[in-house]
Amino acid sequence: MNGETRLLAPLVPTRGYFPDFLTPPEGLLGLGEGLEALRATPPARLHAELSRLPATRPLPSWLRALSEGDSAELGRLTGALRSYYQNAVEPYWPRLQARIEADRAARGRALVDGGADHLLASLPPTMRWRPPVLEVDYPVDRDLFLNGRGLLLLPSYFCRRTPVTFHDPDLTPVLVYPLEHPTPRVMPTVAPAHSLGKLVGRTRSAILHGVGGGCTTSELARRVDVSLASASQHATVLRDAGLVLTLRHGNAVLHTLTPLGAALLRGGPEVDVRGVDTRGLEIRGLEMRGAEIRGEEGREAEVRGAGVREVDV
């Protein structure tokens, strides 16, 4: 994989700007669709976005050719991205997906419980909802005006430190934010076969079904008609077996199925969990249109009515 890493490093630096064309919206439909959209990037856009890369060192010859619209180099890029995904991401995807889905379940619960205000207030500490402004820790000082458009929130396992958005403000507003990575629990190692063996029995089967698209321990106890202590104990066993993921959500904990847990319920191989859509939580269709936004310096914006202000700290 060293070849792909060397090829991609100048294009995707660890910090700072990277071209918007690398993250086409078609990527939400899958890797293949995203790469096809990338391959169809117009030469003028390639040139404009690649010219914004930092000039601290000369661009490699292949990137210079790409900026001039060389289709062969564009094919080389898509091939490198596919290879990198297959080697660095795909083997670990079930684990990554479980973390993303747990975050999605927490945001969806906040939306159902308290509407858009509660959803935006539930985001990680790098984002602060101060109605009508969403303040976001960001590498540079900028304002993003949505002008009645929706905002797509995308949790990312690989996004670190601060959220990111497109450089071009005319593109569909997307805010990619880092998942919170809890400190792993210190616990004795349990052999997988021993943990899975504990799952035999009607109660734990009912518990696994009860978790569904996500629930707290109290809700799980009510769904399965067991005591709170029993629900907590069974959820712990399922978590130790890799079938359930548990995250703290406010004063409660939220349990969600892992891909392995969902596959066990379906009686098939590990597949995407369909109870929670992992393609992003889109704030679109909420009755927020027309909400006035005023930032700290008197500037106005909207997030379909509500606004995103990204500030440097």
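What counts and how
Residues numbered from 1 in each chain as written. Predicted model: local features only at pLDDT ≥ 70, side-chain atom pairs only at ≥ 80, totals over all residues. Heavy atoms only, no water. Axes fitted to C-alpha atoms, helices over the stretch in contact; angles between N-to-C directions. Helix = DSSP H or I, 4+ residues; strand = E, 2+ residues; numbered from the N terminus. Parallel < 35°, antiparallel > 145°, perpendicular 65-115°, else oblique. Contact = heavy atoms within 4.5 Å. Nonpolar A, V, L, I, M, F, W, Y, C, P; charged D, E, K, R; others polar. Core = buried A, V, L, I, M, F, W, Y, C linked by side-chain atoms within 4.5 Å. Buried < 20%, exposed > 50% of the residue type's maximum accessible area, 1.4 Å probe, protein only. Arc of directions from axis to C-beta. Left-handed = near helix turned anticlockwise from the far one by under 90°. Pairing = 2+ DSSP bridges.

Peer 1: Outline the packing of helix α9 (residues 217-224) against helix α10 (residues 228-240), listing residues and values.
Peer 2: Running from amino to carboxyl end, α9 crosses α10 at an angle of 105°, the nearest separation of the two axes being 8 Å. Taken as axis vectors, α9 and α10 run roughly perpendicular relative to one another. Of α10, the residues touching α9 (which contributes Thr217, Ser218, Leu220 and Ala221) are Leu228, Ala231, Ser232 and Ala235. Looking at the contact of α9 with α10, its residues break down into five nonpolar, three polar and no charged.

Peer 1: I'd like to hear about the nonpolar core, residue by residue, with values.
Peer 2: One finds Leu11, Phe21, Leu50, Trp62, Leu63, Leu66 and Leu77 to be the most contacted residues of the largest nonpolar core, which totals 16 residues. Looking at this core, the elements that each hand over two or more residues are α1 (2-8), α3 (43-50), α4 (61-67) and α5 (71-89). With residues near it in sequence (within four places) discarded, Leu63 still touches Pro10, Leu11, Leu50 and Leu53. Ranked by size, the runner-up nonpolar core spans 15 residues in total, among them Val224, Ala231, Ala235 and Ala262.

Peer 1: Describe α3, and please don't skip the residues or the numbers.
Peer 2: Along α3, the positions that sit buried rather than exposed are Leu46, Glu49 and Leu50. One face of α3 carries all of its buried residues, which in axial projection span an arc of 95°. Looking at the buried positions of α3, the neighbouring elements they touch are α4 and α5.

Peer 1: I'd love a proper account of the packing of helix α2 (residues 31-39) against α5, names of residues and values included.
Peer 2: Running from N to C, α2 and α5 point in directions that differ by 160°, and their axes come no closer than 9 Å. Taken together, α2 and α5 sit at an angle that is classed as roughly antiparallel. In this structure, the crossing between α2 and α5 has a hand that is right-handed. Between α2, through Leu31, Gly32, Leu35, Leu38 and Arg39, and α5, the contact on the second element is made entirely by Leu74, Gly75, Leu77, Thr78, Leu81, Arg82 and Tyr85. The class makeup of the residues in the contact of α2 with α5 is seven nonpolar, three polar and two charged.

Peer 1: Got a sec to walk through the sheet that holds strand β7 (residues 244-249)? Specific residues and values, please.
Peer 2: Strands sit in the order β6-β8-β7 across an open sheet of three strands; the sheet is antiparallel. The open sheet has two free edges, formed respectively by β6 (215-216) and β7, since each of these has just one partner strand. Here six bridges tie β7 to strand β8 (residues 252-257), and the two strands are oriented antiparallel to one another. Counted as the bridge partner of Leu245 is Thr256 from β8.

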